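Descriptive structure summary
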Amino acid sequence: MKYILLMTGTKAGIETYRTWSKSDVEAHFAFLGKLNKELTEAGELVANDGLSSPEEAKVVRAGNDGLPITDGVFPESKEFLLGYWIVDVDSPERAYEIAARLSAGPAPGAGRTSMPIEVRQIMSKRTSEL
Amino acid sequence: MKENVPLNDRLEHLLRELAPQVLTVVARRFRDFAAAEDAVQEALIAAAMQWPHEGVPENPRGWLIRVAIRRMLDALRSETARRDREDEVGAEAELFTQPELSLEPEMDDTLNLFFMCCHPVLSAPSSIALTLRALGGLTTAEIAHAFLVPEPTMAQRISRAKATIKHSGVRLERPTAKERAERLRAVLHVLYLIFNEGYAASSGAEMQRLELSREGIRLAHAVCALLPDDPEVTGLLALMLLTDARRRARSGPDSELIPLDKQDRSLWDQQEIAEGTALLRAAISRGAVGLYQLQAAIAALHDEARTAAETDWPQILALYGLMLKLTENPMVALNHAVATAMVHGAAKGLELLKPLDADSRMAKNHRLNAVCGHLLEMSGDLEGATAQYRLAASRTMSAPEQRYLLTQAARLGERVADTTGTG
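Residues numbered from 1 in each chain as written. Chains lettered and ligands numbered in written order. Predicted model: local features only at pLDDT ≥ 70, side-chain atom pairs only at ≥ 80, totals over all residues.

Our next topic: the overall build of chain A. Across its full length, chain A carries 3 helices and 8 strands. Counting helices and strands in the order they occur from the N terminus, chain A gives β-α-α-β-β-β-β-α-β-β-β. Against the 2.2 N^0.38 benchmark of 14 Å for 130 residues, chain A shows a C-alpha radius of gyration of 18 Å, more extended than a compact globule. By principal-axis analysis of the C-alpha atoms, chain A measures approximately 55 × 50 × 20 Å. Counting the 130 residues in chain A, one finds 14% classified as buried. (Helix = DSSP H or I, 4+ residues; strand = E, 2+ residues; numbered from the N terminus. Rg over C-alpha atoms; globule rule 2.2 N^0.38 Å. Buried ≥ 20, exposed ≤ 12 C-beta atoms within 10 Å, placed from the backbone.)

Encoded structure:
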């Protein structure tokens, strides 16, 4: 069964992250690289991507003429999607375990980011007889 | 000799027929299944690239065995580079002077390969991937494509499955008489899962999953040929054919699901129905009835009805009753409740759903809500039915089913609005 693990954060959180020291940032990327390698070796990683900065985000609505109206101003409280992992695992528990690993990524001062990871099962196209 | 002839279906069929035979020979020789499996993959790929240009060799199986053995020796050589090379040269000479006859696979070996790939030490997804590669002769890329995962991920899944087999000491040998029935059940279950994996609404990116249904049927045919007298093996093949026969009618032009009673029965594949029915008859005549035969018998009754109204529900109900004697699977109880409703009315069916409601195995299972919705609709409780369809829609993990269930809820919601509006 496939799950998507969504990593989200606020603008404030991202701004704090940008003040991390070089070694803290390196430790974080090393952690992510190692985890992705592990997930591939476990035969579980389907896809992983990070998204561009929230500053680049646009919300698009169709106007009355059907043409795009874009909005680039976001409240401080808004949670932004920062990146996602799609994993193919044997059980929901395993998906939660991977999410916990992601949330336990290293933060400055030997701490953990404890970022919330939203876990959602991806619906299949498979059907059973109705 | 023709140049650039694409690998045609016949050639692919030949390679895939030979794959497990070659594997058993090489694995038996070297007593190393994992390495042999890799070597055979390489040999198959080499054949797929060379044969279209150079023509199929006179003895294709011998060719594949030779190439695979050469790959095995290459791998051994690079692994043990510091070891005395003369031993290996000797080993190679010996392998190549073996008379052709000893390279013939034994029927039993292919069956043992099924037992190994579907061994209970492996998780279902691992067994499925390994079976498709070792017995189906599919490449890692093809399997990855079918399961919509990247190739390196699938490659790792397969090599981990092989490592698990190695570490748990599972050998390419006949299971003991005591284990045999259970191990065969595991094999049939894996084939059933492969078939079901392909049982999707056919559209776009998921089209390739239909291939998995065909693959399940092909592998069931193979096991059937190895065990022609086993009624459950035949029963499983019959079930697959009798279910697959309805494939074209199961989804509409927009890949929306069409339930059995609304399907255009002229689209059902009569040839598959005839084949499945004949197999089922042969299986049942052997006397040992089992769950696959019973499911096939139910599928056959649906297939034989010219219209939904002509469906022989009393007979189907009796068959579900027999299944309940063989299994405690709550899904069977659920289908039994549907059949009961069709024969004795919705109220009787709804009564049977009550104990399932309390069954922890059915907790939050959308099928229970979907059936409940269906039976409530039959009984005229449209509001109750709408609520159950909505609940089912929120619980299913299948996108086409969710769409179907939401459509049912919406359809009933409109009827409820009409009734209250005019009344």
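Contacts between chain B and chain A engage 25 residues on the former and 16 residues on the latter. Contributions of two or more residues to the side of chain B that touches chain A are made by helix H8 (151-167) and helix H19 (399-422) of chain B. The leading source of residues in the side of chain B that touches chain A is H8 of chain B, at 6 residues. Partitioned by chemical class, the residues of the side of chain B that touches chain A number 15 nonpolar, 5 polar and 5 charged. (Contact = placed C-beta atoms within 7 Å. Nonpolar A, V, L, I, M, F, W, Y, C, P; charged D, E, K, R; others polar.)

Here the focus is the confidence of the model for chain B. Residue and element names in this part refer to chain B. In the predicted model, chain B carries a mean pLDDT of 88, and the fraction of residues at 70 or more is 88%. In the model, residues 1-5 has pLDDT below 50 throughout and makes 4 contacts with residues more than four positions away in sequence or in other chains. Taken together, the stretch residues 96-101 has pLDDT below 50 and engages in 2 contacts with residues farther than four places along the chain or on a different chain. (pLDDT = per-residue confidence, 0-100.)

Another aspect to go through is unusual backbone geometry. For Ser114 of chain A, which is not glycine, the phi dihedral falls at a positive 50°. Take Ser114 of chain A: it is sitting in the loop between strand S7 (111-112) and strand S8 (117-121). Phi at Arg31 of chain B is positive, roughly 50°, even though this residue is not glycine. On the secondary structure map, Arg31 of chain B appears in the loop between helix H1 (9-30) and helix H2 (33-54).

Time to look at the nonpolar core. If you look at the biggest cluster of nonpolar residues, it comprises 119 residues, and the most contacted ones within it are Val87 of chain A together with Val22, Val26, Val40, Ala68, Val187 and Leu191 of chain B. Apart from residues lying up to four places away in sequence, Val87 of chain A is in contact with Lys2, Tyr3, Leu5, Leu39, Glu44, Leu45, Val46, Ala95 and Ile98 of chain A. (Core = buried A, V, L, I, M, F, W, Y, C linked by C-beta atoms within 7 Å.)

Turning our attention to the packing of H2 of chain B against helix H3 (residues 60-79) of chain B. Residues and elements named next belong to chain B. Where H2 contacts H3, the two axes come as close as 8 Å, and the packing angle between them is 130°. By the criterion of interaxial angle, the relationship of H2 to H3 is oblique. In this structure, the crossing between H2 and H3 has a hand that is right-handed. Between H2 and H3, the contacting residues are Ala35, Ala36, Ala39, Val40, Glu42, Ala43, Leu44, Ala46 and Ala47 on the first element and Leu64, Val67, Ala68, Arg71, Met72 and Ala75 on the second. Residues of the contact of H2 with H3, tallied by class, amount to 13 nonpolar, no polar and 2 charged. (Axes fitted to C-alpha atoms, helices over the stretch in contact; angles between N-to-C directions. Parallel < 35°, antiparallel > 145°, perpendicular 65-115°, else oblique. Left-handed = near helix turned anticlockwise from the far one by under 90°.)

Interfaces are frequently sized by the accessible area removed from exposure as the parts join. Residues and elements named next belong to chain B. Taken domain by domain, chain B comprises domain 1 (9-104), domain 2 (106-170 + 178-227), domain 3 (238-311) and domain 4 (325-423). Each of domain 2 and domain 3 has a C-alpha centre, and the two are 24 Å apart. Looking at the side of domain 2 that touches domain 3, the elements that each hand over two or more residues are helix H9 (177-197) and helix H10 (209-226). Looking at the side of domain 2 that touches domain 3 element by element, the count peaks at 4 residues for H10. Class assignment of the residues belonging to the side of domain 2 that touches domain 3 gives a composition of 5 nonpolar, 4 polar and no charged. (Domains from an automatic or database assignment.)

Remember that side chains alternate between the two faces of the sheet whenever the strand is regular. Residues and elements named next belong to chain A. Pairing between strand S3 (residues 59-62) and strand S4 (residues 68-71): 4 bridges, direction antiparallel. If you follow Val60 over to S4, its bridge partner there is Thr70. Taking the residues between adjacent antiparallel strands as the criterion, S3 and S4 are bridged by 5 residues, where Gly66 takes a positive phi near 80°. (Pairing = 2+ DSSP bridges.)

All names here are of chain B. With respect to the helices and strands, the residue Glu401 is situated in helix H19. Judged by the 25 C-beta atoms lying within 10 Å of it, Glu401 falls in the buried class. Taking the C-alpha atoms as reference points, Glu401 and Ala370, separated by 31 residues in sequence, lie 9.8 Å from one another.

What follows concerns the pairing of strand S5 (residues 80-88) of chain A. All names here are of chain A. Alignment of strand S1 (residues 2-9) against S5, held across 8 bridges, turns out to be antiparallel. Along S5, the bridge assignment pairs Leu6 with Tyr84. When strand S2 (residues 45-50) meets S5, the two strands line up antiparallel, connected through 5 bridges. The residue of S5 that forms the bridge with Leu45 is Val87.

With that out of the way, let us pick up the packing of helix H12 (residues 270-284) of chain B against helix H13 (residues 291-304) of chain B. Residue and element names in this part refer to chain B. Their axes nearest at 10 Å, the elements H12 and H13 cross at an angle of 140°. Classed by the angle they form, the pair H12 and H13 counts as oblique. Note that H12 runs across H13; the crossing there is left-handed. Every residue of H13 that contacts H12 at Ile273, Gly276, Thr277, Leu280, Ala283 and Ile284 is listed here: Gln293, Ala296, Ala297, Ala300 and Asp303.

What follows is about the sheet that holds S1 of chain A. All names here are of chain A. With antiparallel pairing, 4 strands are arranged side by side in an open sheet as S2-S5-S1-S8. Among the strands making up the open sheet, the edge pair consists of S2 and S8. Averaged over all neighbouring strand pairs, the angle between strand axes comes to 20°, with direction disregarded.

Right, let's get into the environment of Ile273 of chain B. Residues and elements named next belong to chain B. The residue Ile273 is located in helix H12 in this model. Looking at Ile273, the number of C-beta atoms within 10 Å reads 20, which means it is buried. C-alpha separation for the pair Ile273 and Asn369, spaced 96 residues apart in sequence, amounts to 31 Å.

All names here are of chain B. Looking at where Leu113 falls in the secondary structure, it is placed in helix H5 (residues 107-117). Since 23 C-beta atoms lie within 10 Å of it, Leu113 is described here as buried. As for Leu113 and Gln388, which are separated by 275 residues in sequence, their C-alpha atoms are 45 Å apart. The residues contacting Leu113, other than those within four sequence positions of it, are Pro20, Leu23, Thr24, Ala134, Leu135 and Leu172.

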